[in-house]
Amino acid sequence: KGRRKFTNEDVLAQMLEKKGFVKVYLEDLKVAEQIQLFNQAEVIVSAHGAGLTNIIFCKPGTQVFEIFQE
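An account of the accompanying structure is given in this report. (Residues numbered from 1 in each chain as written. Predicted model: local features only at pLDDT ≥ 70, side-chain atom pairs only at ≥ 80, totals over all residues. Heavy atoms only, no water.)

Helix and strand content of the protein chain: two helices and two strands. By the compact-globule yardstick of 11 Å for 70 residues, the protein chain fits well, its C-alpha radius of gyration being 12 Å. Dimensions of the protein chain along its principal axes, counting C-alpha atoms only, are 30 × 25 × 20 Å. Looking at the 70 residues of the protein chain, the share that counts as buried comes to 17%. Expressed as a percentage of contacts within the protein chain between residues at least 6 apart in sequence, the contacts between residues at least 24 apart total 25%. Summing over all exposed atoms, the protein chain offers an accessible surface of approximately 5,600 Å²; the carbon and sulfur share of this is 56%. Measuring between centres, the 9 positive side-chain charges of the protein chain sit 3 Å from its 9 negative side-chain charges. (Helix = DSSP H or I, 4+ residues; strand = E, 2+ residues; numbered from the N terminus. Rg over C-alpha atoms; globule rule 2.2 N^0.38 Å. Buried < 20%, exposed > 50% of the residue type's maximum accessible area, 1.4 Å probe, protein only. Contact = heavy atoms within 4.5 Å. Areas by Shrake-Rupley, 256 points an atom, 1.4 Å probe, with all protein chains shown as cover. Lys, Arg positive; Asp, Glu negative; His and termini not counted. Charge placed at Lys NZ, Arg CZ, Asp CG, Glu CD.)

Attention shifts here to the environment of Glu70. Its place among the elements puts Glu70 in the segment after β2 (63-67). Measuring from C-alpha to C-alpha, the distance between Glu70 and Thr7 comes to 9.6 Å, with 63 residues separating the pair along the chain.

A few words on a nonpolar patch on the surface. A surface patch of nonpolar side chains, amounting to about 250 Å² of accessible area, comprises Val22, Val24 and Leu37. Along the polypeptide, Val24 turns up in the loop between α1 (9-18) and α2 (31-40). When its relative accessible area of 36% is taken as the criterion, Val24 is described as partly exposed. (Patch = residues over 30% accessible without salt bridge, like charges linked within 9 Å, V, L, I, M, F, W, Y side chains within 5 Å. Salt bridge = Lys/Arg side-chain N within 4 Å of Asp/Glu carboxyl O.)

Along α1, the residues classified as buried are Glu9, Ala13 and Leu16. Take α1 and look down its axis: the buried residues cluster within an arc of 70 degrees, on one side only. Along α1, the residues that are exposed and aim more than 90 degrees away from the buried face are Gln14, Met15 and Lys18. (Arc of directions from axis to C-beta.)

Turning our attention to the side chain of Asn54. The topology assignment puts Asn54 in the loop between β1 (43-47) and β2. We classify Asn54 as buried; its relative accessible area is 10%. Leave out the neighbours within four places in its chain, and Asn54 touches Leu26, Gln34 and Phe38.

Below you can see the structure in the form of structure tokens.
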């Protein structure tokens, strides 16, 4: 997939999946699905990018962890 990648992404993804996180590719979802996903999320972990614009649909108290590449 043509998406952003950061160092050790696979390791982080495996650790998060063990904690119940699900890897999602926003480009595979319709806008309404993205809105619903962000609205229902309790925690979001994402690489820096335009997809995080969807945090405007999060409920108050949703935790967001944004990862930046050096």
